[in-house]
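If you want the building blocks of each chain, they are given just below.
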Amino acid sequence: MTISTMELLVLPDRRQGAKLVASMIVEAIRLTPAQRLGLATGGSLEPVYKALATTVARGQLPLSALHCYLLDEYVGLPPDHPARYRNVIEEQVVRPLRLDSSQVHGPDVTAADLSLACDEYEAQLHADGGIDLQLLGIGTNGHIGFNEPGSPRGSRTRVARLTEQTRADNARFFGGRHPDVEALVPREVVTEGIATILDARRIVLVAWGENKAAVVRACLEGPVTEAVPASLLRTHPSVTVVVDPAAATLLARETIDRAGV
Ligand code: GLP
């Protein structure tokens, strides 16, 4: 297993970080309009998709050949539930970029045989040529996609169960002031596996804010271990980590010294 040094970029704030990532996406689409983009969902990606919409609105970008692939999805939510990742992407990416919904692919989480649906999604990713650029956030426990700590490095798209920490972290997207909001977060999900994510040609991970500082340190400086799934990205040759200063506060001097801005 070869361990690489991931490229680290510390931007003055999350708005500028998001703008930079949006410009990377735009550049990738300009170079290869038939770009296959892997989309993560969550608070960290929201400013990136906003910046992307603004950039796209300003310039002429060929988007008809673009194809997007969902990284993960909850199981058991009604089709119109606003927290469903397919709906979030519809709202944050498809509509603002005026894509056609058929340009977004994801696992069929309504299938009677979920494990077959996972295999079919994996086969589709392969048949379509694989992800060119995968966008990732990072969970406070180091998860990527919904690959919770302990997920095998060789894992593929599969049904998984969320930890209570992740359900608590994600409760903010479910039902606002509901007295028992955590109970509304599904336990079951479908996620691309670690190996599926590592198949992407290029990966960009974003993290903002103080509550990601510990996990950013673990990801960049801790041991490469399945206990911190994001640390396994160090086995990939082309990963860029984009953070704001708050998420970089616990990094060692040497790590910061080699970071770009
Ligand atoms: C969520 C998603 C991940 C996301 C991560 C961080 O649970 N499944 O794909 O990247 O956790 O979320 P956030 O950006 O909201 O902190």
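These remarks concern the structure in this document. (Residues numbered from 1 in each chain as written. Predicted model: local features only at pLDDT ≥ 70, side-chain atom pairs only at ≥ 80, totals over all residues. Heavy atoms only, no water.)

**Quick look at the site of the ligand**
Neighbouring the ligand are 16 residues, the closest being Gly43, Ser44, His143, Arg172 and Lys212. Between His143 and the ligand, the recorded distance is 2.7 Å, taken from a side-chain N or O atom to an oxygen atom. Taking Asn170, its side chain carries an N or O atom lying 2.9 Å from an oxygen atom of the ligand. Notes on the ligand: free accessible area 390 Å², of which the protein chains cover 95%. For the shell around the ligand, a count of residues per class yields five nonpolar, eight polar and three charged. (Near = heavy atom within 4 Å. Polar contact = N/O pair within 3.5 Å; in protein donor to acceptor, adjacent residues only side chain to side chain. Areas by Shrake-Rupley, 256 points an atom, 1.4 Å probe, with all protein chains shown as cover. Nonpolar A, V, L, I, M, F, W, Y, C, P; charged D, E, K, R; others polar.)

**Description of the packing of aromatic side chains**
For the structure on display, the rule yields four aromatic pairs. Pairing Tyr74 with Phe146 gives two aromatic rings, centres 5.4 Å apart and planes at 55°, and the pair type is tilted. One end of the pair, Tyr74, is in strand β4 (residues 72–74); the other, Phe146, is in the loop between β6 (133–136) and β7 (158–161), with 72 residues separating them in the sequence. With respect to burial, Tyr74 and Phe146 carry one shared label: buried. For the ring pair Tyr74 and Phe174, a centre distance of 5.3 Å and an interplane angle of 85° mean the geometry is edge-to-face. Taken as a pair, Tyr74 in strand β4 and Phe174 in the loop between α5 (164–170) and β8 (188–191) lie far apart in primary sequence, 100 residues in all. (Phe/Tyr/Trp six-rings, centres within 6.5 Å; stacked < 30°, edge-to-face > 60°. Helix = DSSP H or I, 4+ residues; strand = E, 2+ residues; numbered from the N terminus. Buried < 20%, exposed > 50% of the residue type's maximum accessible area, 1.4 Å probe, protein only.)

**Regarding the sheet that holds β8**
By way of backbone hydrogen bonds, the strands of a sheet pair with one another, either parallel or antiparallel. Taken in spatial order, the three strands of this open sheet run β4-β8-β7, and their pairing is antiparallel. Only two strands of the sheet have a single partner each, and these edge strands are β4 and β7. Between one strand axis and the next, the sheet turns by 30° as a mean value, whatever way the strands run. Of the pairings in the sheet, the one linking β7 to β8 comprises four bridges and is antiparallel in character. In the sheet register, Ala160 faces β8, and the bridge partner there is Val189. (Pairing = 2+ DSSP bridges. Axes fitted to C-alpha atoms, helices over the stretch in contact; angles between N-to-C directions.)

**Regarding the nonpolar core**
Core analysis: the biggest nonpolar cluster contains 68 residues, and Ile25, Val48, Leu135, Leu233, Val242 and Val243 have the highest contact counts within it. Per-element tally for this core: the top contributor is helix α1 (residues 14–31), with eight residues. If you look at the next biggest cluster of nonpolar residues, it comprises twelve residues, including Tyr74, Phe174, Val181 and Val189. (Core = buried A, V, L, I, M, F, W, Y, C linked by side-chain atoms within 4.5 Å.)

**Looking at the packing of α1 against helix α2 (residues 46–58)**
Between α1 and α2, the least distance of the axes is 8 Å, while the angle of their chain directions is 55°. The orientation of α1 relative to α2 falls into the category oblique. α2 is crossed by α1, and the crossing has right-handed handedness. Here Ala18, Lys19, Val21, Ala22, Ile25 and Val26 of α1 lie close against α2, whose contacting residues are Pro47, Val48, Ala51, Leu52 and Thr55. Within the contact of α1 with α2, the residues separate by chemical class into nine nonpolar, one polar and one charged. (Parallel < 35°, antiparallel > 145°, perpendicular 65-115°, else oblique. Left-handed = near helix turned anticlockwise from the far one by under 90°. Contact = heavy atoms within 4.5 Å.)

**Side note on the sheet that holds strand β2 (residues 36–39)**
Strand order in the open sheet formed by seven strands is β1-β10-β9-β6-β2-β3-β5, with parallel pairing between adjacent strands. Looking at the sheet topology across the chains shown, the edges are occupied by β1 (7–10) and β5 (104–105). Two elements, β1 and strand β10 (residues 239–243), share four bridges in a ladder whose sense is parallel. Within β10, the position partnered with Leu9 by the bridge is Val242.

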